[in-house]
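Examination of the molecular architecture
In case you want the letters, here they are:
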Amino acid sequence: MTTHQPPATDLADLPTPPVGRVRAAVRRVPEPVLVRTAAVLAVVAVVAMAAYIPVYDWVAARADVVPLSWGDVILGSAWPVIGAFVVRGRPRNPVGWLLMVPSSYGPYLLVSLYGVASARIADDPLPLGDFAAWIGTWGFAQYFVVVPMLLLLFPDGHLPGRRWRFAAYGVFFCAAVAALSAAFHEGPVDISDEVDNPYGIPGTRWLMYGVMAGALITLLPGTLVGVASLIVRMRRAVGVQRAQLHWLALGAVGMVTSWLVSSVLNDGQLTDALFSVGLLCPPIGIAVAMLRHRMFDVVVVLNRTIVSIVLTALMVGVYAVLVIGAGQVVPKSTMGIVGVAFIALFASFGHDAVQRVVDRWLFGHRHDPYAVVARVGRHVAPASEPTEALQRLVDALRKALRLPYVAFHGDGVEAVSGTAVAGWHTVPARALGQDIGELHVGMRTSKERWTPEELAAVEEVAARAATLAYAANLVADVAASRARIVVAREEERRRLRADLHDGVGPALAGTAHQLDALARRIDAAGQPELAGRARGVRDRLRQTVTDLRSVVHGLRPPILDQLGLTGALRDLIAGYETPRCTVDLGPGLDTVPAAVEVAAYAITAEAVNNAVRHSAAGELHVGAHLRGGNLVVHIRDNGCGMPVHPSAGVGLRSMGERAGEVGGRVDILPTPGGGTTVRASLPGGQQ
């Protein structure tokens, strides 16, 4: 087994087409300007947050304000700094700029404190104090879009598909509803219950429901939609993008773990500290994913983290059930000691089970070769021919082992699934004692090493791939042999027709004329009986000529020899008033082999007949061209189209058989705008 590594690629080197007017406008701004703008915003955010803490202490000593949250400090300072580094590496990627949105959080909090000081501390209202208090009622709403949009756009800055744009529109709409409701509702500002919204509309306390609805929809369903988009990306992703998604997943796991631990401890300062640490995890994961995703083996870290968290949660849950349940039944029992012993045994035996589940989620069936072979076999079974089965095999192997790339390369047959991102292992594929080809199995990382179980599974699949490739070559050889036989048969038919039509037929017709003349001379000589016998021979000879003409016509459509393929195709649609017929024929059609000529004419005749009789079409178009060594014939109508499940009649079957005889194929497709297109691709070169 050998290993190959392609040149390294990075998302920065891939083209990133603009999405929307904002993206187009940003693309016109030079990258150095974008980087400097992000740096300035990060500095402003840090300075504002540094100033916020002493200002908060001064205001809190003189007015009633909400408690200081270190989570707010982390959000308003660390996120913009990390975002500035991301923007420096990827200036035009929206992900970095979404991390920059909290850069306004520090100024927002300072402005809010200024409004409180104007209303509750100063003897007279400060300049723009009411405006500052008004900003303090709704300035937080912009952050509702950050988390859902980060999940929707990570890592390349594009939505997973066009349909996801409705989710993005919904997030922005709900955030706008929350901001407008907060801006004009009658009630206190966000940072203090003692200061009312100076621009609140009387009698609009109900607008707080709009604020709560907008916040809940963006932060709960919006986040769930974002997670769904990441799952979709994870199923499609390979290589670099998959590694980046793993880093984001690791950051999310760290955040959720910190929050769960903080909620369990329920200790004021410690809870706030753990909550703040959790807020740091996602932006750090995003930054590493976009700037340094090759530095660490994230899959191993993510694997061990998830196993530890799941196992810990299970042990805590089991211990709680044992101890609490025993305490309810038998107070002051020693069940706690028994529970500890049970948990120790559970951790010992349960670790492997949890590890297997997590491994299967991250790596597929990599540690179970029999499961890999069984899954590949189930996926290959529905295939109708060896080449399709081989393609299904490489697809199934890539999915079963969560690989970025699998390909089979053999003599005359290839099948590729995915894209190579970190090189590949080469496994020889042998069948019946012959080297049939090679199975290329892509690596997830350049330093990845295979386990014996993985190697055994891949070698078994390689043997199956070799068998399928051998069968595919046999099928191809049989098809090529059949095509050669058909071509030789049609060429011989053309020769026989020419010989019979131009040689034997005229000779027999001439002999009949001579017998007729002989019969007249015998009759004139006074021997009517002999003259009658001569006329009988003449009549039988003329019938033989008629039969010979029928044989000649049956060997090959005579119009092909009279007009050639070009003229014969034109003649097929001549004389029709409805449908209106048009024709487009390329040069060189009369040079194709006889078998291809007959197949093209027969397929076109059958398709035209079906369109005229069954389609109720107003227009019918026939085209034929030589393209890349193939004769491509298409018959297109604008009629009622084919039924969803058409019955395989004699006509449809005969068209496929005609094409298959010469090594071609026929496709019956819907015409855009309505109707049916029959497309035949036949080998048009000399054979």
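To continue, consider the nonpolar core. Grouped together as the largest cluster of nonpolar side chains are 57 residues, with contacts concentrated most on Phe-140, Met-149 and Leu-150. In this view, Met-149 contacts Leu-98, Ala-168, Val-171 and Phe-172; residues no more than four positions away in its chain are not counted. Core analysis: the next-biggest nonpolar cluster, separate from the first, contains 34 residues, Val-486, Leu-589, Tyr-601 and Val-622 among them.

The backbone phi angle of Leu-128 is positive, close to 60°, even though this residue is not glycine. Given a relative accessible area of 65%, Leu-128 falls into the exposed group. Phi at Ala-616 takes a positive value of approximately 55°, unusual for a residue other than glycine. As for its position among the elements, Ala-616 is in the loop between helix H20 (594–614) and strand S7 (619–627).

Two elements, strand S2 (residues 405–410) and strand S5 (residues 434–442), share 5 bridges in a ladder whose sense is antiparallel. Along S5, the bridge assignment pairs Phe-408 with Leu-439. As judged from the 8 bridges shared by strand S4 (residues 424–431) and S5, these two strands associate in the antiparallel manner. Following the sheet pairing, Ala-431 is matched in S5 by Gln-434. Between S4 and S5, which pair antiparallel one after the other, the connecting turn spans 2 residues, and Leu-432 there sits at a positive phi close to 55°.

Below, the discussion takes up helix H2 (residues 31–60). The end-to-end C-alpha distance of H2 is 42 Å, a good match for the 44 Å that 30 residues give at a rise of 1.5 Å each. In H2, a bend of some 25° at Tyr-52 exceeds every other bend along the element, and Pro-54, a proline, comes one to four places later.

About the criteria used
- Residues numbered from 1 in each chain as written.
- Predicted model: local features only at pLDDT ≥ 70, side-chain atom pairs only at ≥ 80, totals over all residues.
- Heavy atoms only, no water.
- Core = buried A, V, L, I, M, F, W, Y, C linked by side-chain atoms within 4.5 Å.
- Buried < 20%, exposed > 50% of the residue type's maximum accessible area, 1.4 Å probe, protein only.
- Contact = heavy atoms within 4.5 Å.
- Helix = DSSP H or I, 4+ residues; strand = E, 2+ residues; numbered from the N terminus.
- Pairing = 2+ DSSP bridges.
- Expected span 1.5 Å × (residues − 1).
- Bend = angle between axes of the 7 residues up to and from the residue.

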